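If you want the building blocks of each chain, they are given just below.
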Amino acid sequence: MAVVRWLVLCVTVIMVSNARDANGALPAATLKAIAKANVNGPYIGIVIPNLFEMNPLLNSSSYKAAEIIDFAGKRFRFGTVEEKKVILVMTGLSMINSAITTQLLLSFFDVKGVIHYGIAGNANPALRIGDVAIPLYWAHTGLWNWQRHGQGPEDDLAFEPDGDYTRKIGYLRFANYTVKATACASHDNLLNNVWYQPEEVFPVTGTPEERQHAFWIPVNSAYFTVARELKGLKLESCINATTCLNYTPSVNTVFRGISAGIYLDNAAYRSFIYRKFHVSPVDMETASVALVCHQQNKPFIAIRALSDLAGGGSANSNEANTFSSLAADNAVAVVVEFIKKLSSSMV
């Protein structure tokens with residue numbers, strides 16, 4: 001194996017040397033650094049939304065930093081966590097950024113599997129602020145077919161007969177959330193219905209340009225088995241000496257989580273998605289990471305610490321303003337323990 005990696009490095013260096021003056025996507029020096037890094041792989045890829053979520057890991061005694069490779073607007077940090085080789089990369093906010101970053105990570109580096117972590121809103125009334133949720137399935141709930149007013153559940157969606165859209169997943173009817181309209185027995189709304197749609201995916205194991213569809217993406221089963229072992233892990237309950245929760249947060253393996261390009265701070269929608277999809281964490285990145293890993297056939301898991309009950313129970317300010325740092329610390333504590341428990345065959 002070492003010989004093969006050395007040959008790959010030599011061939012890459014030769015190609016880079018011959019392409020110094022070419023208008024390639026990456027500079028020759030960057031390609032050379034990537035090839036050199038891959039000789040030392042494989043790595044666990046750790047994909048993180050924001051710097052405030054990354055900093056607790058960078059400052060952890062479990063993390064040992066090595067070199068850095070910058071390209072395409074991203075910084076790939078090499079090092080070890082619990083003596084296991086890792087690449088840390090920050091995505092930035094949103095589905096698009098997380099998908100781009102994950103694809104770059106998997107396209108250029110020798111990555112064995114992906115761990116995604118961060119904070120999230122909570123839709124599950126059985127969980128609390130500070131808890132860490134590790135779902136078995138993730139879905140992107142921001143891909144809609146917005147139905148024309150005057151049509152309903154019995155009518156085909158636009159392009160549905162061609163297989164582009166479906167009514168199988170279900171819909172949100174805006175009229176169900178009409179208020180102060182007691183004069184009539186039934187309410188209508190010009191916004192009508194939005195129908196949730198699966199993503200088109202093109203797995204590396206499939207035929208190029210031959211689409212498949214996916215809505216609920218499972219995490220890696222072996223990773224999820226390891227996650228179940230973290231149930232009794234002690235988590236922090238205090239931000240400082242004066243600001244504490246009145247309970248000790250816990251680690252929970254849960255059924256489902258969802259993502260969309262929407263910051264969810266609305267109680268009505270939170271209640272709707274919990275009833276409809278039985279979800280716990282809600283965020284703006286994870287489903288993109290899951291979909292890219294699914295398409296690239298890479299093991300994946302997501303660990304999200306809950307910073308607030310999405311939408312809260314009143315019009316008071318969002319709890320995340322207070323508890324985001326606590327949630328970030330708890331997410332990192334679980335990630336470190338998860339990596340510690342990974343067997344050598346998984347890394």
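Scroll up for the structure.
Here the structure is a predicted model, which is why all the values come from computation and not from measurement.

Draft legend 1. Up close: the pattern of salt bridges. All chains considered together, the criterion is met by eight salt bridges. Ionic pairing is found between Arg167 and Glu160, a salt bridge with its closest N-O pair at 2.9 Å. When its relative accessible area of 25% is taken as the criterion, Arg167 is described as partly exposed. The closest approach of N and O atoms between Lys340 and Glu337, which form a salt bridge, is 3.5 Å. You can see Lys340 and its partner Glu337 sitting in helix 8 (residues 320-341), three residues apart, about one turn around the helix. For Lys340, a relative accessible area of 41% translates into the label partly exposed. Residue Glu337 is classed as buried on the basis of its relative accessible area of 18%.

Draft legend 2. Just the side chain of Asn193, in detail. As for its placement among the helices and strands, Asn193 is situated in strand 9 (residues 193-196). Here Asn193 falls in the buried class, since its relative accessible area comes to 3%.

Draft legend 3. Highlighting the pairing of strand 15 (residues 300-309). Strand 15 sits mainly inside the fold: nine of its ten residues count as buried. Pairing of strand 5 (residues 111-122) with strand 15, which is carried by nine bridges, proceeds in the parallel orientation. When the sheet's bridge partners are listed, Gly118 is paired in strand 15 with Arg304. Across two bridges, the pairing between strand 6 (residues 132-140) and strand 15 is antiparallel. Bridge pairing links Ala133 to Arg304 in strand 15.

Calculation notes
- Residues numbered from 1 in each chain as written.
- Predicted model: local features only at pLDDT ≥ 70, side-chain atom pairs only at ≥ 80, totals over all residues.
- Heavy atoms only, no water.
- Salt bridge = Lys/Arg side-chain N within 4 Å of Asp/Glu carboxyl O.
- Buried < 20%, exposed > 50% of the residue type's maximum accessible area, 1.4 Å probe, protein only.
- Helix = DSSP H or I, 4+ residues; strand = E, 2+ residues; numbered from the N terminus.
- Pairing = 2+ DSSP bridges.

The analysis is restricted to geometry; functional conclusions fall outside its scope.
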